[in-house]
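The primary structure of each chain is shown beneath.
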Amino acid sequence: MKTSTRVTSLTTITLATALSLSAPSLALAEGTPNWTGCYAGLNAGYVWSNVSGNFLGYAGEPPVSYDIGSATLTGGAIGGQLGCDYQRDMFVIGGRVAMDWTNTSGSHVFRDGTSPNDRMEYDLQYFGTLTARLGYLFQPATLGYLGGGYAWGKTEQTDSDPTPGYGMSPYSDSFDLDRNGWTLGLGVEHRLQPNLSLFLAYDYIDFGTKNTSVSCACSSAQEHYEFDQSMSLLSLGLNYRF
């Protein structure tokens, strides 16, 4: 009788110990985040952009080409993103569209302009990206990734001179350039909660070179230009997964 009681007690202790040891593992397995699904979120960041320009001559005249100067634009950005991911083992693939509005601006002296006060100003108004990404789960809740795809944006450009020479009146002429290009980036995203994640990312965007013709109060003929623009974005954001 005593032996039977001891065996029963030992069995009970063994089962209790086994359950207590396995409980954390079961809880971890049940709590492991699944990255498959879609999300929406907000982001904010810092932008720096390089713009350079060349004057190509006047309409109806032989073409020329000379450098009018370059500027570094800086400012903040805020926007949102939508995307979906699919997880297979430790890898995650997905796609995302993002749109940001920005106050990024800068200027430079218009080289060989109408006076030493002739300046070209640039104001990056917004930009967007449509990208694919490939990520690897360093931990179940932490994803490192690379991404790339298509980018677009709009930059307002203003040529102004309050004290032009050649008997001209002060002028200020603005025009918009719609830009298209490509982007590459990398980032890390961490799941704070089952439905909430935080990411930090760096993205490089190259808008390439674009030619344009503009009318200016400083000339009776249209002026031809080409502008080259690229930018970098360092952003922090939150995603809500559903």
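Preceding this paragraph is the structure being described.
Since the model is a prediction, treat every value here as computed from it, not as a measurement.

Here is what the cut-offs are and how they apply
- Residues numbered from 1 in each chain as written.
- Predicted model: local features only at pLDDT ≥ 70, side-chain atom pairs only at ≥ 80, totals over all residues.
- Heavy atoms only, no water.
- Helix = DSSP H or I, 4+ residues; strand = E, 2+ residues; numbered from the N terminus.
- Polar contact = N/O pair within 3.5 Å; in protein donor to acceptor, adjacent residues only side chain to side chain.
- Contact = heavy atoms within 4.5 Å.
- Buried < 20%, exposed > 50% of the residue type's maximum accessible area, 1.4 Å probe, protein only.
- Phe/Tyr/Trp six-rings, centres within 6.5 Å; stacked < 30°, edge-to-face > 60°.
- Lys NZ or Arg CZ within 6 Å of the ring centre and 35° of its normal.
- Pairing = 2+ DSSP bridges.
- Core = buried A, V, L, I, M, F, W, Y, C linked by side-chain atoms within 4.5 Å.
- Disulfide = S-S within 2.5 Å.
- Patch = residues over 30% accessible without salt bridge, like charges linked within 9 Å, V, L, I, M, F, W, Y side chains within 5 Å.
- Areas by Shrake-Rupley, 256 points an atom, 1.4 Å probe, with all protein chains shown as cover.
- Salt bridge = Lys/Arg side-chain N within 4 Å of Asp/Glu carboxyl O.

Undergrad: Could you clarify how one ought to interpret the side chain of Thr102 in this entry?
TA: Structurally, the position occupied by Thr102 is in strand S3 (residues 91-109). At 2.7 Å, the side chain of Thr102 and the backbone oxygen of Gly76 are in polar contact. Those residues in contact with Thr102, other than ones at most four positions away along the chain, are Val47, Gly76, Ala77, Leu124, Gln125, Tyr126 and Phe127.

Undergrad: Just to check I follow, could you spell out the side chain of Thr212 for this structure?
TA: Mapped onto the elements, Thr212 comes out in strand S7 (residues 196-214). Accessibility expressed as a relative area gives 17% for Thr212, which makes it buried.

Undergrad: Is there a simple way to think about the packing of aromatic side chains in this case?
TA: A ring pair, where both rings are aromatic, is described by two values, the distance of the centres and the angle of the planes. Counting across every chain of the model gives 13 aromatic pairs. Aromatic side chains Phe110 and Tyr225 sit 6.3 Å apart centroid to centroid with 80 degrees between the ring planes, which places their arrangement in the edge-to-face category. Of this pair, Phe110 sits in the loop between S3 and strand S4 (119-139) while Tyr225 sits in strand S8 (residues 223-241); the two residues are 115 residues apart in sequence, bridging distant segments of the chain. The same class applies to Phe110 and to Tyr225, which are both buried. Site record: aromatic cluster; members linked through ring pairs are Phe55, Tyr58, Tyr66, Phe110, Tyr122, Phe175, Tyr225 and Phe227. Lying across the ring of Tyr145, Arg133 places its NZ or CZ 4.5 Å from the centre. Positioned above the aromatic ring of Trp35 is the side chain of Arg191, whose terminal nitrogen or guanidinium carbon lies 4.8 Å from the ring centre.

Undergrad: Hey, could you run me through the pairing of strand S5 (residues 142-161) in this one?
TA: One face of the sheet, then the other: side chains in a regular strand alternate in exactly this way. By the bridge criterion, 19 bridges tie S4 to S5 in an arrangement that is antiparallel. If you follow Leu124 over to S5, its bridge partner there is Thr155. The turn linking S4 back onto S5 is made up of two residues. Here S5 pairs with strand S6 (residues 171-193) via 20 bridges, running antiparallel.

Undergrad: Could you clarify how one ought to interpret the nonpolar core in this entry?
TA: Within soluble globular proteins, side chains that are nonpolar generally end up buried alongside one another. Within the largest apolar cluster, 22 residues are counted, with the highest numbers of intra-cluster contacts made by Val47, Ile68, Tyr122, Phe127, Tyr225, Phe227 and Met231. Listing elements by their share of this core, those giving two or more residues are strand S1 (37-58), strand S2 (66-88), S4, S6, S7 and S8. When neighbours within four sequence positions are excluded, Met231 is seen to be in contact with Val47, Trp48, Ser49, Leu124, Phe127, Asp203, Tyr204, Ile205 and Phe207. Grouped together as the second largest cluster of nonpolar side chains are seven residues, Val92, Tyr145, Phe199 and Ala201 included.

Undergrad: Looking at this structure, how should I read the state of the cysteines?
TA: Think of a disulfide as a covalent bridge from one cysteine sulfur atom to another cysteine sulfur atom. Per the counting criterion, the structure on display carries one disulfide. Between the sulfur of Cys38 and that of Cys84 lies a disulfide, 2.0 Å long from S to S. When the S-S torsion is 95 degrees, as for the bridge of Cys38 with Cys84, the disulfide is right-handed. Within this pair, whereas Cys38 is found in strand S1, its partner Cys84 is found in strand S2, the two being separated by 46 residues in sequence.

Undergrad: Sorry if this is basic, but what is going on with a nonpolar patch on the surface here?
TA: Side chains of Tyr46, Trp48, Val188, Leu192, Leu198, Leu200, Leu234, Leu236 and Leu238 sit close together on the surface and give an oily, nonpolar patch of about 770 Å² of accessible area. Broken down by element, the residue count for the nonpolar patch peaks at three residues, all from S8.

Undergrad: Explanation requested: the pattern of salt bridges in the structure shown.
TA: Oppositely charged side chains are able to pair whenever their charged atoms sit close together. Evaluation of the coordinates by the stated rule reveals six salt bridges. Ionic pairing is found between Asp67 and Arg111, a salt bridge with its closest N-O pair at 2.7 Å. Taken together, the residues span a long stretch of sequence, with Asp67 in strand S2 and Arg111 in the loop between S3 and S4 at a distance of 44 residues. For Asp67, a relative accessible area of 36% translates into the label partly exposed. Where Arg133 meets Glu189, a salt bridge forms, and the shortest distance between an N and an O atom there is 3.0 Å. Here Arg133, found in strand S4, pairs with Glu189, found in strand S6; they are 56 residues apart in sequence, far enough to count as distant. Taken as a pair, Arg133 and Glu189 share a single burial class, namely buried. Members of the salt-bridge network, linked through shared partners, are Asp85, Arg133, Glu189 and Arg241.

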